[in-house]
Amino acid sequence: MPFTFTEENINKINTVVKKYPYKNAAVMPVLYIAQEQNGWISIEVMQEVARTLEMPEEDVLGVATFYTMYHKKPAGRHHVQVCTNVSCMLRGGFDVYKAVKDKLQITHGGVTGDGKYSLEEVECMGSCGTAPMIAVNEDFYENLTPAQALSIIDSLK
Amino acid sequence: MEKIVLPDIENFHNLDVYLANGGYTAVKKAYAQTTDDIIDQVKKSGLRGRGGAAFSTGLKWSFMPKSTDKPKYLCINGDESEPGSFKDRQIFEFNPHQLIEGILITCYAIQAKSAYLYIRGEYHKWVNLMQKALDDAYERGFVGEKMKETFGHNFTCEIYIHKGAGAYICGEESSLMNSIEGKRGYPRVKPPFPAQNGLWGNPTTINNVETITNIPPIINKGWEWFSAIGEPKHPGTILFGVSGHVNKPGVYELPSGTLLTDIINIHAGGVPGGKKIKCVIPGGSSMPPLRGENLEGVKMDADSLRAAGSAIGTGGIMVMAEDTDIVRVLSRLSKFYHHESCGQCTPCREGTGWMVKLLDRIVDGNASKKDVDLLLNVACNIEGNTICALGEAAAWPVKFTIQRFREEFEKYTADTASIDMPNKVHSMRKTVNPVAKVEV
Ligand SMILES: Cc1cc2nc3c(=O)[nH]c(=O)nc-3n(C[C@H](O)[C@H](O)[C@H](O)COP(=O)(O)O)c2cc1C
Ligand code: SF4
Ligand code: FES
């Protein structure tokens, strides 16, 4: 699907490029803006980002694929991230992960059939002191039992 | 005990509260002195970096070239992705203005006109909190062009927040600069060092968020005051993040040199159920683990921990009780390093993969005792053979866990391997054709 930035986002981009001495340095924030608009980073999105920042398409591809937070395929409306790294693991992170997997019937990288949820087993999120944790899109939920994690997921509209 | 980085003052994150408590006075004091004076004071204070390597901050600043036409930069490292580390996030939330003030003083000392504060992408909430504080500081004229009027000095600088996007390696300083430049987060070969050839090829200093937050009090209260706190060779307070099997996990700001056992048992409330401790990783997941019975008398500062066989790292203390399966912990950790390897160097890219496969095989009960030696061998062949220290970060946990917890591997391994394999290496490929059962 062809992609163009909205008027509002073009303004945002014009502001963000001012933070850097070179236009192409803004590729990371611009990819975030694109992801917010489109939900994920398709090839067409990368092409438009490259055109906007006057940089080679392959450089945009390189950046978009290097960083895990750019979705290279559509994610669910609620992107559920469960940390199973050591501090979480020691406090039941894998139990939370299993409970969420069983409930959503998908595994790492999966999206539910209705497109409502996607699931990612993530690395340490910086919540080790309040472990275990899940994150849904941009929000952190910490100090969870598996049951609490499931009720959070249930409460998402 | 006085707290320097996270004072117990309600709403300290709020600019007015910060100002009412002497906020932004250190900048004025600093700008009345020469840059050499500032660097000298920071050197004498003994402040050492809180990002992992505990390098002298003043010394690092003094590497910045004085006579150059090139623009200079400061990068502040808030990537905070090392498992077990969750301290910088407290600063973003509870003391953002002291960080900003520290940036203003550091920029002046090294004559940088632009500073990039790198915050990991997952910290959306903390990026927003930090941006709000920065916007407030700009609005009141503490940052940017208006600084001239505010501080009565013609030095100005700009501060920008750069949000990461999910890559642990971007905490490595040269990778961080590539990421700010809008590139993949590949570490660079050193030398040249950042002070000569950093951001866009210009002189650059990189410091951790906690390091920079220590600067305003050092300027305000003097280096003598700071250098008298805690352990003389690594003075000041340190933010210790305690996680894992303790009753009260969290971040505790304590003088350097505090006993590890006091941090765990007194501050973090001890181990649930009064269990014994099997293992502690004292400085974030990359640092060598210590055995529970060797914790007595271990002090938390760079030199004491080195003497004890580990390292201070980021001060993230991970506590594991007696019933923890250390092999599974190591296996999980190895997956992390494999996932985060940027892939530039063969020993790291391939070695981390082999370690994961070997550990999987051990955990699955298919390994022989010799596989543990093979695992050790792989780890030792990564160490020292890579562009950046992620190689060591991945190798150390494996190497030291095997050396110090060898008996933990016993219950998983037999004298002979239980799966068919033509030779040890190929047998780890999932596609292998089993040839014959081989004795190893
Ligand atoms: C793989 C790797 C990850 C790192 N991650 C971080 C990090 O998240 N935050 C940090 O401050 N330093 C990190 N460092 C250390 C930095 O390279 C650098 O030494 C540090 O930011 C310097 O600041 P300091 O002198 O104030 O400690 C990392 C190093 C390596 C090798
Ligand atoms: S050691 Fe690993 S992370 Fe560091 S540059 Fe080499 S491959 Fe990349
Ligand atoms: S290990 Fe899960 S947040 Fe750090």
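Since this is a predicted model, take the numbers as computed values, not measurements. (Residues numbered from 1 in each chain as written. Chains lettered and ligands numbered in written order. Predicted model: local features only at pLDDT ≥ 70, side-chain atom pairs only at ≥ 80, totals over all residues. Heavy atoms only, no water.)

### Observations concerning the environment of Gly49(B)
All names here are of chain B. Tracing the backbone through its elements, the reader meets Gly49 in the loop between helix 3 (35-45) and helix 4 (57-62). Classification of Gly49 by relative accessible area gives buried; the value is 15%. Sequence separation of Gly49 and Lys60 is 11 residues, and the distance between their C-alpha atoms is 9.4 Å. When sequence neighbours within four positions are dropped, the list of residues in contact with Gly49 reads Ala54, Phe55, Thr57 and Thr211. (Helix = DSSP H or I, 4+ residues; strand = E, 2+ residues; numbered from the N terminus. Buried < 20%, exposed > 50% of the residue type's maximum accessible area, 1.4 Å probe, protein only. Contact = heavy atoms within 4.5 Å.)

### A few points about the packing of aromatic side chains
Evaluated as defined, the whole model comprises 28 aromatic pairs over all chains. Taking the centre distance of 5.1 Å and the plane angle of 80 degrees together, the rings of Phe3(A) and Phe5(A) count as edge-to-face. In terms of burial, Phe3(A) and Phe5(A) fall into one category: buried. A connected cluster of aromatic rings, assembled from ring pairs, spans Phe12(B), Tyr18(B), Tyr24(B), Tyr31(B), Tyr108(B), Phe142(B), Phe151(B) and Phe155(B). (Phe/Tyr/Trp six-rings, centres within 6.5 Å; stacked < 30°, edge-to-face > 60°.)

### Thoughts on helix 3 (residues 43-53) of chain A
Those residues of helix 3 of chain A lying buried are Val45(A), Met46(A), Glu48(A), Val49(A), Ala50(A) and Leu53(A). Where the residues of helix 3 of chain A are buried, they touch helix 2 (27-38) and helix 4 (57-66) of chain A.

### A short note on the domain arrangement of chain B
All names here are of chain B. Taken as a whole, chain B is organised into domain 1 (15-227), domain 2 (230-321) and domain 3 (326-432). For domain 1 versus domain 3, the separation of C-alpha centres amounts to 38 Å. Between domain 1 and domain 3, the contact holds 12 residues from the first and nine residues from the second. When domain 1 packs against domain 3, the two sides together hide about 860 Å² of surface, and 74% of this comes from carbon and sulfur. Across the domain 1-domain 3 interface, the total number found is zero salt bridges. At the junction of domain 1 and domain 3, the tally comes to two residue pairs in polar contact (both at pLDDT 80 or more). (Domains from an automatic or database assignment. Buried area = accessible area lost by both parts, 1.4 Å probe. Salt bridge = Lys/Arg side-chain N within 4 Å of Asp/Glu carboxyl O. Polar contact = N/O pair within 3.5 Å; in protein donor to acceptor, adjacent residues only side chain to side chain.)

### Focus on the packing of helix 6 (residues 96-110) of chain B against helix 7 (residues 124-139) of chain B
Residue and element names in this part refer to chain B. Their axes nearest at 9 Å, the elements helix 6 and helix 7 cross at an angle of 60 degrees. Taken as axis vectors, helix 6 and helix 7 run oblique relative to one another. Seen from above, helix 6 lies across helix 7 with right-handed handedness. Along its contact with helix 6, which presents Pro96, His97, Leu99 and Ile100, the element helix 7 presents Met130, Ala133, Leu134, Asp136 and Ala137. (Axes fitted to C-alpha atoms, helices over the stretch in contact; angles between N-to-C directions. Parallel < 35°, antiparallel > 145°, perpendicular 65-115°, else oblique. Left-handed = near helix turned anticlockwise from the far one by under 90°.)

### Points about the sheet that holds strand 3 (residues 133-136) of chain A
All names here are of chain A. Read across the sheet, four strands follow the order 2-1-3-4 without closing on themselves; strand pairing throughout is mixed. With partners counted over all chains shown, the strands left at the sheet margins are strand 2 (117-122) and strand 4 (139-142), one partner each. Averaged over all pairs of adjacent strands, the angle between their axes in this sheet comes to 20 degrees, without regard to strand direction. Sheet topology note: the strand 1 (residues 78-83)/strand 3 ladder contains three bridges and is antiparallel. Within the sheet, the bridge partner assigned to Gln81 lies in strand 3 and is Ala135. (Pairing = 2+ DSSP bridges.)

### Comments concerning the layout of surface pockets
Residue and element names in this part refer to chain B. Taken as a whole, the second largest pocket encloses approximately 1400 Å³ of empty space. Looking at the second largest pocket, it is lined by 47 residues, and the ones nearest its centre are Gly51, Gly52, Ala53, Gly171 and Glu173. The set of elements that each furnish at least two residues to the lining of the second largest pocket consists of strand 4 (204-208), helix 14 (302-307) and helix 18 (390-404). Examining the composition of the lining of the second largest pocket, we find that five residues originate from one element, strand 4, more than from any other. For the lining of the second largest pocket, the residue count by class is 19 nonpolar, 16 polar and 12 charged. (1 Å grid on protein atoms, 1.4 Å probe; cavity = no way out; pocket = protein on both sides within 12 Å on 5 of 7 lines; lining within 4 Å. Points joined across faces, edges and corners; volume = space filled by probe spheres on them. Nonpolar A, V, L, I, M, F, W, Y, C, P; charged D, E, K, R; others polar.)

### A closer look at the state of the cysteines
Residue and element names in this part refer to chain B. Going through the model one piece at a time under the given rule, you end up with zero disulfides over all chains. Cysteine Cys157 shares no disulfide, and the gap to the nearest cysteine sulfur, in Cys107, comes to 4.1 Å. The buried category is assigned to Cys157, whose relative accessible area is 1%. (Disulfide = S-S within 2.5 Å.)

### A closer look at the pairing of strand 5 (residues 237-244) of chain B
Residues and elements named next belong to chain B. Of all eight residues in strand 5, eight are buried; the element is thus mostly enclosed. Two elements, strand 5 and strand 6 (residues 250-255), share six bridges in a ladder whose sense is antiparallel. From the neighbouring strand, Phe240 faces strand 6, where its bridge partner is Tyr252. Counting the residues that bridge the hairpin from strand 5 to strand 6 gives five residues. Taken together, the four bridges between strand 5 and strand 9 (residues 316-321) define a ladder with parallel strand orientation. Each bridged residue has a counterpart across the sheet, and for Gly241 the counterpart in strand 9 is Gly316.

### Some remarks on the packing of helix 17 (residues 369-382) of chain B against helix 18 of chain B
All names here are of chain B. The contact between helix 17 and helix 18 brings their axes to 8 Å, and the two run at 150 degrees. On the basis of the axis angle, helix 17 is roughly antiparallel to helix 18. Viewed along their axes, helix 17 and helix 18 form a crossing whose handedness is left-handed. Of the residues in helix 18, those in contact with Val372, Leu375, Leu376, Ala379, Cys380 and Ile382 of helix 17 are Gly391, Ala395, Val398, Lys399 and Ile402. A breakdown of the residues in the contact of helix 17 with helix 18 according to their chemical character gives nine nonpolar, one polar and one charged.

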